[in-house]
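What the coordinates show
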Amino acid sequence: MLRLALASAAAASGLPLATVARAASDKASFPTKPLRVIVPFAPGGATDVLARSVSDRLGQQMGQPAIVDNRPGAAGLLACDAVAKAAADGHTLTLGTTSTMLSNQFMFKKISYDPQKDMVPVVRICWAPIVLVTNSQLPVRNLQELIAYISANKGKLSYGSYGIGSQGHLVLASLSNMTGADMSHIAYKGEAPMVQDLVGGQLMMGIGSILSLKQHIDSGRLRAISFTGPNRVPALPDVPTFAEQGHKEDAFTISGWLGIAATGGTPAPVVEQLGAQVRKALQTREVNARVLVAGFVPLTDDSPARFQDDWQRELPIWKKLLADAGVQPT
């Protein structure tokens, strides 16, 4: 009966019987040991919290523990290198960001792996839009007023981001270039010191995550001007996107994401199985709530094919944004 079923599947797919049988075997025998989810950040941050929530659920669903392995440092290169060099059996994964898995290759002259060959996209778990804010003392209330203000103060203003080459840097560099405002970029080592200066009035404009900024927006000390990405964000539903305010350039409409990748060469049936299990985890109330609390937008309908297509489509966009912002590979 099994051979007959495999033969039917082979006939339907046009693949050799041996290929279909091997794929079925790969899927049936996976996982055979604990999964390792490598996170490129220290414990306690939003990415780490989501990784642990998703991993706990995966372990329950797949019958093997999914263990989080934090590998901070080197802008995510250490974590991605560990996945790239692991056995291509689906048991080693990374849960990272647009920066660690996609744009890093344009930030560094030499990396020890090829993201397109040594890693395979599995599934994204959420969108990670960022919000442009001003100190409430700045006399602007929307993007149009902000653009008018910075255009009238060329060469006099500065903006903050959470690091050189970060999406926040690229968004505001694009805004500066578009308006000819010649704003200065202040690159902070993370969001916390940037937010402190924004709230204290030492910095009038910056961009960052909802998790870091929402409490200060709610208190009135900061004013939310606009979101990146294609849609409004549930955590701040009254804040419009750049596109809604007339700016549909790539820098403003592209959205960062958190996603899972496996080692390049992992069998397609295993990748599909992992993708399906992550989607199932994201559809649970507990994991979905964790994503929302972290200020992200859950993505419950992604797939390896869709992730791969978007990965390839976004590569030249991020490369150009980095070049336009004057970011030189180091």
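What you are looking at is a predicted structure, and each value in this text was computed from that prediction instead of being measured.

Of regular secondary structure, the chain possesses 14 helices and eleven strands. Computed over its C-alpha atoms, the radius of gyration of the chain comes to 22 Å, within 12% of the 20 Å expected for a compact globule of 330 residues. Here the C-alpha coordinates of the chain stretch approximately 75 × 40 × 35 Å along the principal axes. Taking all 330 residues of the chain together, 53% fall into the buried category. Look at the contacts in the chain between residues 6 or more apart in sequence, and 75% of them connect residues 24 or more apart. Roughly 14,600 Å² of accessible area belongs to the chain as shown, and the carbon and sulfur atoms make up 54% of that amount. A distance of 2 Å separates the average location of the 30 positive side-chain charges in the chain from that of its 25 negative side-chain charges.

Glancing now at the side chain of Asp302. In this structure, Asp302 sits in the loop between strand E11 (297–298) and helix H14 (304–324). Filtering out sequence-adjacent residues up to four positions away, Asp302 remains in contact with Val123, Arg124, Arg279 and Phe307.

This next bit is on the pattern of salt bridges. Counted under the stated rule, the structure contains 14 salt bridges. For Asp301, the salt bridge identified is with Arg306, shortest N-O distance 3.1 Å. On the accessibility criterion, Arg306 (31% relative accessible area) is partly exposed.

Next up on the list: helix H12 (residues 268–282). For H12, which comprises 15 residues, the first-to-last C-alpha distance of 21 Å matches the rise-based estimate of 21 Å (1.5 Å per residue) to within 8%. Among all positions of H12, only Pro269, Val270, Val271, Gln273, Leu274, Gly275, Gln277, Val278, Ala281 and Leu282 are buried.

Moving on, we get to the packing of helix H3 (residues 46–62) against H12. Across the interface, H3 lies against H12 with an axial gap of 9 Å and an inter-helix angle of 115°. Crossing geometry of H3 relative to H12 is assigned as right-handed. On the side of H3, the interface is formed by Arg57, Leu58, Gln61 and Met62, while H12 contributes Gln273, Leu274, Gln277, Val278, Lys280 and Ala281. Its residues assigned to classes, the contact of H3 with H12 shows five nonpolar, three polar and two charged.

The next point concerns the packing of aromatic side chains. Following the criterion strictly, the structure yields four aromatic pairs and no others. Taking 5.1 Å as the distance between ring centres and 85° as the angle between the ring planes, the aromatic pair formed by Trp257 and Phe307 counts as edge-to-face. One end of the pair, Trp257, is in strand E10 (residues 256–263); the other, Phe307, is in helix H14, with 50 residues separating them in the sequence. The pair formed by Trp257 and Phe307 is uniform in burial state, with each residue classed as buried. Between the aromatic rings of Trp257 and Trp311, the centroid separation amounts to 6.4 Å while the plane-to-plane angle is 45°, which identifies the pairing as tilted. Of the two residues, Trp257 is situated in strand E10 and Trp311 in helix H14; the sequence distance between them amounts to 54 residues. Under the relative-accessibility criterion, Trp257 is labelled buried at 1%. Among the aromatic residues, those joined into a ring-pair cluster are Trp257, Phe307 and Trp311.

Summarising the element assignment, Lys109 is placed in the loop between helix H5 (98–101) and helix H6 (115–118). When the C-alpha positions of Lys109 and Ala128 are compared, they lie 26 Å apart, and in sequence the two are 19 residues distant.

Next up on the list: the side chain of His247. Checked against the element boundaries, His247 lands in the loop between strand E9 (222–227) and helix H11 (250–253). For His247, a relative accessible area of 17% translates into the label buried. Apart from residues lying up to four places away in sequence, His247 is in contact with Leu143, Ile147, Met178, Phe242, Phe252 and Thr253.

Turning next to the sheet that holds strand E4 (residues 119–128). What the six strands build is an open sheet, ordered E2-E1-E3-E10-E4-E11; its pairing is mixed. The open sheet has two edge strands with one neighbour each: strand E2 (66–70) and E11. Pairing geometry for E4 and E11, over two bridges, is antiparallel. Counterpart to Trp127 in the pairing with E11 is Val297. Contacting E4 and E10, H14 runs over the sheet at an angle of about 85° to E4.

Conventions and cut-offs
Residues numbered from 1 in each chain as written. Predicted model: local features only at pLDDT ≥ 70, side-chain atom pairs only at ≥ 80, totals over all residues. Heavy atoms only, no water. Helix = DSSP H or I, 4+ residues; strand = E, 2+ residues; numbered from the N terminus. Rg over C-alpha atoms; globule rule 2.2 N^0.38 Å. Buried < 20%, exposed > 50% of the residue type's maximum accessible area, 1.4 Å probe, protein only. Contact = heavy atoms within 4.5 Å. Areas by Shrake-Rupley, 256 points an atom, 1.4 Å probe, with all protein chains shown as cover. Lys, Arg positive; Asp, Glu negative; His and termini not counted. Charge placed at Lys NZ, Arg CZ, Asp CG, Glu CD. Salt bridge = Lys/Arg side-chain N within 4 Å of Asp/Glu carboxyl O. Expected span 1.5 Å × (residues − 1). Axes fitted to C-alpha atoms, helices over the stretch in contact; angles between N-to-C directions. Left-handed = near helix turned anticlockwise from the far one by under 90°. Nonpolar A, V, L, I, M, F, W, Y, C, P; charged D, E, K, R; others polar. Phe/Tyr/Trp six-rings, centres within 6.5 Å; stacked < 30°, edge-to-face > 60°. Pairing = 2+ DSSP bridges.

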